[in-house]
Amino acid sequence: MRKKKYYTYDLGLTTALVSSGFELLELDKTNPKKVKFIFEDSQELNEVVAAYWGDRLPINARTLFDNQKMLKNRIYGD
């Protein structure tokens, strides 16, 4: 059985998910104007997404910054 995927184009959300321990499965760069971030979908991931949008997600600022820098390197690097 194939596992469901969770897709987002939001860098901030992606940074929060990676900082919360979720594995980024893939970056889809087929659209030259934006990157689609792909995660494995789960109830836990959806709870973190809801907490992010509800401004209830406690994340260490340095972890957030370091992960956003890493993601930008993956987006703009080859």
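Nothing here was measured: the structure is a model prediction, and the numbers come from that model.

(A) Region of interest: helix 3 (residues 61-76). In this model, helix 3 (16 residues) spans 23 Å end to end at C-alpha, consistent with the 22 Å of a helix rising 1.5 Å per residue. The complete set of buried residues in helix 3 reads Asn-67, Leu-71 and Ile-75. Summarising the axial view, the buried residues of helix 3 lie within an arc of 80°, below the 170-degree limit, and thus occupy one face. Pointing more than 90 degrees away from the buried face of helix 3 are the exposed residues Ala-61, Arg-62, Phe-65, Asn-73 and Tyr-76. Along its buried surface, helix 3 packs onto helix 1 (11-19), strand 2 (24-28) and strand 3 (36-40). One side-chain oxygen at the N-terminal end of helix 3 lies 2.8 Å from the backbone nitrogen of Arg-62; it belongs to Asn-60.

(B) Looking closely at the packing of helix 1 against helix 3. Following both chains from N to C, one finds helix 1 and helix 3 inclined at 120°, their axes separated by 9 Å at the closest point. As summarised for this structure, helix 1 and helix 3 are arranged oblique, according to the angle between their axes. Relative to helix 3, helix 1 is oriented so that their crossing is right-handed. From helix 1, Leu-11, Thr-14, Thr-15, Ala-16, Val-18 and Ser-19 reach across to helix 3, where they touch Thr-63, Leu-64, Asn-67, Gln-68, Met-70, Leu-71, Lys-72 and Ile-75. Across the contact of helix 1 with helix 3, the residue classes break down as seven nonpolar, six polar and one charged.

Definitions and cut-offs
Numbering of residues begins from 1 in every chain and follows the order in which that chain's sequence is written. For this predicted model, a pLDDT threshold of at least 70 governs which residues receive local features, and a threshold of 80 or more governs which side-chain atom pairs are given and counted, while totals over whole chains, interfaces and linings are taken from all residues. Processing note: side-chain calculations cover all non-hydrogen atoms of the structure and skip hydrogens and water entirely. Strands are runs of DSSP state E lasting at least two residues, helices are runs of H or I lasting at least four, and both sets are numbered from the N terminus onward. How far a helix is expected to stretch is found by multiplying one less than its residue total by 1.5 Å. The cut-offs for exposure are 20% and 50% of the maximum accessible area for each residue type, with area from a 1.4 Å probe on protein chains only; residues under the lower value are buried, those over the upper are exposed, and the others partly exposed. To be clear, the arc concerns the directions from the helix axis to the C-beta atoms. Any two residues whose heavy atoms approach within 4.5 Å at even a single point are treated as in contact. Whenever two N or O atoms come within 3.5 Å, that pair is a polar contact, provided that in protein one can donate a hydrogen and the other can accept it, and provided that, for residues adjacent in sequence, both atoms are side-chain atoms. Angles here are taken between N-to-C directions and fall from 0 to 180 degrees, while the axes themselves are lines fitted to C-alpha atoms, restricted in helices to the stretch in contact. Relative orientations are named as follows: roughly parallel for angles under 35 degrees, roughly antiparallel for angles over 145 degrees, roughly perpendicular for angles from 65 to 115 degrees, and oblique for any other angle. With the far helix as reference, a near helix turned anticlockwise by less than a right angle produces a left-handed crossing, and one turned clockwise produces a right-handed crossing. Lys, Arg, Asp and Glu make up the charged group, whereas Ala, Val, Leu, Ile, Met, Phe, Trp, Tyr, Cys and Pro make up the nonpolar group; the residues left over, Gly among them, are polar.

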